[in-house]
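Structure at a glance
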Amino acid sequence: MQTFSITDTGRTRDANQDYVFCQEHAVGSFPNLFIVADGMGGHNAGDTASRMCVEEVVSQIEKSTKVTPIGILEQAVAVANEAVYDASLENVALYGMGTTIVAAVVLGDTVYVINVGDSRLYVCKDTLKQVTVDHSLVEEMVQSGKLQKEDMRTHPNKNIITRALGTDSMVKADCFEIEVDEGDVLLLCSDGLTNMLEDDRIESILKQNRDDMKRVGELLVKEANEAGGKDNISVVLVRI
């Protein structure tokens, strides 16, 4: 397994509210763990939410007594949601904070994924395929036929998410299970990447540098910044 993670403030934001976790080694009963969280909220609330979310998820996985991978992930996300939500009520400066999360664990030839919000997980076999489904206004418009998929990236409401961790006392996460083969690549990322680069360009960069995850990650961030860098950019790459 070859992994690489990178997070960048971008060209227009003053602070980085993204938080990444990239661990090839055991976390609790998991042999590895990969997470991207994209915080939201004024001042330092967004970075507090994303950091707290990831730290709580990792902590819960380390001590979980659940048996199934999805059960472990769901419990960890539920507890993290409660922690972020409670913190937002206890401190007026953090009121209303929240975060997206996409997390994955690779167990043999199976990848278990959980997500809330519009941070994504892709898998690249022969082509790049988006596995997660955005919890966003524009995704709902696509699903209802009111918007074409290719127009999501440039729609004025592209940053409105319909589900986030920590904004309510309970959250519904989506879970996925995919099969992978040797040489497949997983990409976890925040919308600071996908709002700047088309999937076709992301696929091209990945396929041209498939043996070097560090180069892929650095090129993705570089090109997202060259395209405007309008948000924080976070990337976690895992080559099976």
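Residues numbered from 1 in each chain as written. Predicted model: local features only at pLDDT ≥ 70, side-chain atom pairs only at ≥ 80, totals over all residues. Heavy atoms only, no water.

Observations regarding the layout of surface pockets
The gaps left among the atoms become clear once a water-sized probe is rolled over them. There is about 360 Å³ of room inside the largest pocket. Together, 22 residues line the largest pocket, and Arg120, Gln130, Lys149, Met152 and Asp199 are the ones closest to its centre. Taken together, the elements giving at least two residues each to the lining of the largest pocket come down to α3 (137–143), α4 (191–194) and α5 (199–208). Of the residues forming the lining of the largest pocket, the biggest block, 3 residues, is contributed by α3. Partitioning the lining of the largest pocket into residue classes produces 4 nonpolar, 6 polar and 12 charged. (1 Å grid on protein atoms, 1.4 Å probe; cavity = no way out; pocket = protein on both sides within 12 Å on 5 of 7 lines; lining within 4 Å. Points joined across faces, edges and corners; volume = space filled by probe spheres on them. Helix = DSSP H or I, 4+ residues; strand = E, 2+ residues; numbered from the N terminus. Nonpolar A, V, L, I, M, F, W, Y, C, P; charged D, E, K, R; others polar.)

Thoughts on helix α6 (residues 213–226)
End to end, α6 covers 20 Å across 14 residues, agreeing with the expected 20 Å (1.5 Å per residue, within 8%). Within α6, burial applies to Met213, Val216, Gly217, Leu219, Leu220, Val221, Glu223, Ala224 and Asn225. Check the buried side of α6 and you find it contacts β1 (2–8), β10 (185–189), α4, α5 and β11 (233–239). Of the residues flanking the start of α6, the one acting as N-cap is Asp212, its side-chain oxygen 3.3 Å from the backbone nitrogen of Lys214. (Expected span 1.5 Å × (residues − 1). Buried < 20%, exposed > 50% of the residue type's maximum accessible area, 1.4 Å probe, protein only. Contact = heavy atoms within 4.5 Å. Polar contact = N/O pair within 3.5 Å; in protein donor to acceptor, adjacent residues only side chain to side chain.)

A look at the sheet that holds β1
Here 5 strands make up an open sheet; going across it, the order is β1-β11-β10-β7-β8 and the pairing antiparallel. Taken across any chain shown, the strands that pair with only one partner, and hence form the sheet edges, are β1 and β8 (128–130). Mean inter-strand twist for the sheet, computed between neighbouring axes without regard to direction, equals 15°. When β10 meets β11, the two strands line up antiparallel, connected through 5 bridges. Paired with Leu186 across the two strands is Val238, which belongs to β11. Along the sheet, α5 contacts β7 (120–124), β8, β10 and β11; its crossing angle with β8, the most-contacted strand, is approximately 130°. The sheet contacts of α6 involve β1, β10 and β11, and relative to β1 the element is tilted by about 25°. (Pairing = 2+ DSSP bridges. Axes fitted to C-alpha atoms, helices over the stretch in contact; angles between N-to-C directions.)

Some thoughts on helix α2 (residues 69–90)
With 22 residues, α2 should reach 32 Å at 1.5 Å per residue; the first-to-last C-alpha distance of 32 Å fits that figure. Those residues of α2 lying buried are Pro69, Gly71, Ile72, Leu73, Ala76, Val77, Ala80, Asn81, Val84, Ala87 and Ser88. Those residues of α2 that are buried are in contact with α1 (45–63), β5 (101–107) and β6 (110–116).

Digging into the nonpolar core
Counting 30 residues, the largest nonpolar core has Leu33, Ile35, Val57, Ile61, Val77 and Ile101 as its most contacted members. Those elements that provide at least two residues to this core are β3 (33–40), α1, α2, β5 and β6. Ile6, Leu128, Leu220 and Leu237 belong to the second largest nonpolar core, which has 23 residues in total. (Core = buried A, V, L, I, M, F, W, Y, C linked by side-chain atoms within 4.5 Å.)

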